[in-house]
Amino acid sequence: QTVILSMEEGYAVNDEKKKFLSLKLHENLGSIKYIFSDKTGTLTKNEMEFKGCSIFTKLYCQSESATTMYETNAESSTRQKSIFSKDFNPIILKDSLSNDEEIQINATRDECPFSTLSEVTLEFFLNIAINHDVLVNVEEAATNVNSSYSGSSPDEVVLVQAAKELGIEFVERIGEDYKIKVNGTVINFTMLNRFDFTSERKRSSIIIRDSLGQIKMYMKGADSVILKKINAFSQQKLYAKTNEHVDKFAKEGLRTLCYSMKFLTAEEYKEFNAEYSQLQEQYLSDKSKIKEIEELISTLENNMILLGVTALEDMLQDNVKASIKDFID
């Protein structure tokens, strides 16, 4: 016998004992062998923390000597507490943004466009700070202006907040113009194209032009997709270790996202955009063109450089473990 119990929001949180008026319910409870839950919104609080990440095979995770970035100034009570877990040391990760240590990977410049850890770490967090649907909420205080974020995806909100705490701050988006503050300096980016996340694509990507005129494509999504669309260098030098870190995070019950990018020449982008624009125009009168559009986008999203993976924890509601144990007992 299969018994389905629905746990709706608004349950009592006190220790008040419940009275069951139906004997049939007692019989049903005695028949339970398995408990199925959708997890999100039922067993979890939708309160997420940044638990770790892997950047170019370098693992950043919990540490016994971790320090927190929680706000301690009573006069700044309006500020949000750190999005990083208490057992994660964000200082080590922040130091990587200024670490000129050479990447210890045997590769030519053509294979790997990065020479230092700081270059990779910056691109990793620019991917997070630009490739999202998060909105900026600005609250004017008496002495300063604090910005917070909101969005339909709590994962994205947490990740953008984490990037901000590390000094890569998403300031605003007006039309196609993005402002990102990098260690106090505002840098302008122009969005050229954006391809949204869907349940079929399992990824989102964005093409931007930076203030130097360089064109880049940032992509993030499920490891099952991102790890299949990386270039030969990433496959040979980065895949195995990064996949190992994805597995480590997954076994800990953490929510993971993988990140990749590629540089585009002006000619490459011009050729893509011309074909893309043509197909979009044809789509207005011929809806079957959507398949060709999707294939064109997917082709461009190949041969990416693997940057790394993030891991978030969706905190369990109070007494979840004890409640499950009560069912078992």
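Residues numbered from 1 in each chain as written. Predicted model: local features only at pLDDT ≥ 70, side-chain atom pairs only at ≥ 80, totals over all residues. Heavy atoms only, no water.

Some points on the nonpolar core
Here is step 1: Formed by 75 residues in total, the largest nonpolar core has its most connected members in Phe50, Phe56, Leu93 and Ile207.
Here is step 2: The element that contributes the greatest number of residues to this core is helix α3 (residues 117-130), accounting for eight residues.
Here is step 3: In this view, Phe56 contacts Ile103, Ile105, Cys112, Phe114, Val120, Phe233, Leu238, Ile305, Leu306 and Leu307; residues no more than four positions away in its chain are not counted. (Core = buried A, V, L, I, M, F, W, Y, C linked by side-chain atoms within 4.5 Å. Buried < 20%, exposed > 50% of the residue type's maximum accessible area, 1.4 Å probe, protein only. Helix = DSSP H or I, 4+ residues; strand = E, 2+ residues; numbered from the N terminus. Contact = heavy atoms within 4.5 Å.)

Here's the deal with the pattern of salt bridges
Here is step 1: All chains considered together, the criterion is met by 14 salt bridges.
Here is step 2: Across the pair Glu244 and Lys241 runs a salt bridge whose closest N-O atoms are separated by 3.5 Å. A residue pair is termed a helical-turn pair when its members lie 3 or 4 positions apart in one helix, as Glu244 and Lys241 do in helix α7 (residues 239-251) at three residues.
Here is step 3: Lys241 sits in the partly exposed class, given a relative accessible area of 39%.
Here is step 4: One salt bridge in this structure joins Glu292 and Lys289, with 3.1 Å as the shortest N-O distance. (Salt bridge = Lys/Arg side-chain N within 4 Å of Asp/Glu carboxyl O.)

Section: helix α4 (residues 154-165)
Here is step 1: Along its 12 residues, α4 runs 17 Å from first to last C-alpha, staying within 8% of the 16 Å computed at 1.5 Å per residue.
Here is step 2: Within α4, 10 of the 12 residues are buried, leaving the element largely enclosed by the surrounding structure.
Here is step 3: Those residues of α4 not exposed but buried are Asp155, Glu156, Val157, Val158, Leu159, Val160, Gln161, Ala162, Ala163 and Glu165.
Here is step 4: Once α4 ends, the next one or two residues include Gly167, with phi positive near 105°. (Expected span 1.5 Å × (residues − 1).)

Comments concerning the packing of helix α8 (residues 266-283) against helix α9 (residues 290-300)
Here is step 1: Running from N to C, α8 and α9 point in directions that differ by 160°, and their axes come no closer than 9 Å. Comparing their axes, α9 and α8 come out roughly antiparallel. Every pair of crossing elements has a handedness; the one defined by α8 and α9 is left-handed. Residues Phe272, Glu275, Tyr276, Leu279, Gln280 and Tyr283 of α8 touch α9, and the partners they reach there are Ile290, Glu292, Ile293, Leu296, Ile297 and Leu300.
Here is step 2: Grouping the constituent residues of the contact of α8 with α9 by class yields nine nonpolar, one polar and two charged. (Axes fitted to C-alpha atoms, helices over the stretch in contact; angles between N-to-C directions. Parallel < 35°, antiparallel > 145°, perpendicular 65-115°, else oblique. Left-handed = near helix turned anticlockwise from the far one by under 90°. Nonpolar A, V, L, I, M, F, W, Y, C, P; charged D, E, K, R; others polar.)

Here's the deal with the packing of aromatic side chains
Here is step 1: On inspection of all chains with the given rule, the structure shows 14 aromatic pairs.
Here is step 2: For the ring pair Phe272 and Tyr276, a centre distance of 5.4 Å and an interplane angle of 15° mean the geometry is stacked. Taken together, the residues Phe272 and Tyr276, both in helix α8 and four residues apart, mark about one turn of the helix. Taken as a pair, Phe272 and Tyr276 share a single burial class, namely buried.
Here is step 3: Grouped by ring-pair contacts, the aromatic residues Phe56, Phe114, Phe233 and Phe263 constitute a single cluster.
Here is step 4: Note that Lys287 overlies the ring of Tyr283, its terminal NZ or CZ placed 4.3 Å from the centroid. (Phe/Tyr/Trp six-rings, centres within 6.5 Å; stacked < 30°, edge-to-face > 60°. Lys NZ or Arg CZ within 6 Å of the ring centre and 35° of its normal.)

Some points on α9
Here is step 1: What α9 keeps buried is the set Ile293, Leu296, Ile297 and Leu300. Looking straight down α9, one finds its buried side chains confined to an arc of 95°; they lie on one side. In α9, the exposed positions that point more than 90 degrees away from the buried face belong to Lys291 and Thr299.
Here is step 2: Among the structural elements, β7 (185-195), β8 (203-209), β9 (215-221), β10 (255-264) and α8 are those in contact with the buried residues of α9. (Arc of directions from axis to C-beta.)

Some words on the side chain of Glu165
Here is step 1: Along the polypeptide, Glu165 turns up in helix α4.
Here is step 2: Put simply, Glu165 is tucked away with no salt bridge, and the nearest opposite charge, on Lys164, sits 8.3 Å away.
Here is step 3: At 2.8 Å, the side chain of Glu165 forms a polar contact with the backbone nitrogen of Ile83. (Lys, Arg positive; Asp, Glu negative; His and termini not counted. Polar contact = N/O pair within 3.5 Å; in protein donor to acceptor, adjacent residues only side chain to side chain.)

As for the confidence of the model for the protein
Here is step 1: Averaged over all residues, the pLDDT of the protein equals 85, while 77% of them reach at least 70.
Here is step 2: For residues 64-79, every residue scores under 50 in pLDDT, and the model assigns this stretch 24 contacts once sequence neighbours within four places are set aside. (pLDDT = per-residue confidence, 0-100.)

So, the pairing of strand β6 (residues 177-182)
Here is step 1: Of the two faces of β6, the one holding Tyr178, Ile180 and Val182 is buried and the one holding Asp177, Lys179 and Lys181 is not buried anywhere.
Here is step 2: The hairpin formed by strand β5 (residues 168-174) and β6 contains two residues between the paired strands, and Gly175 there has a positive phi angle of roughly 65°. (Pairing = 2+ DSSP bridges.)

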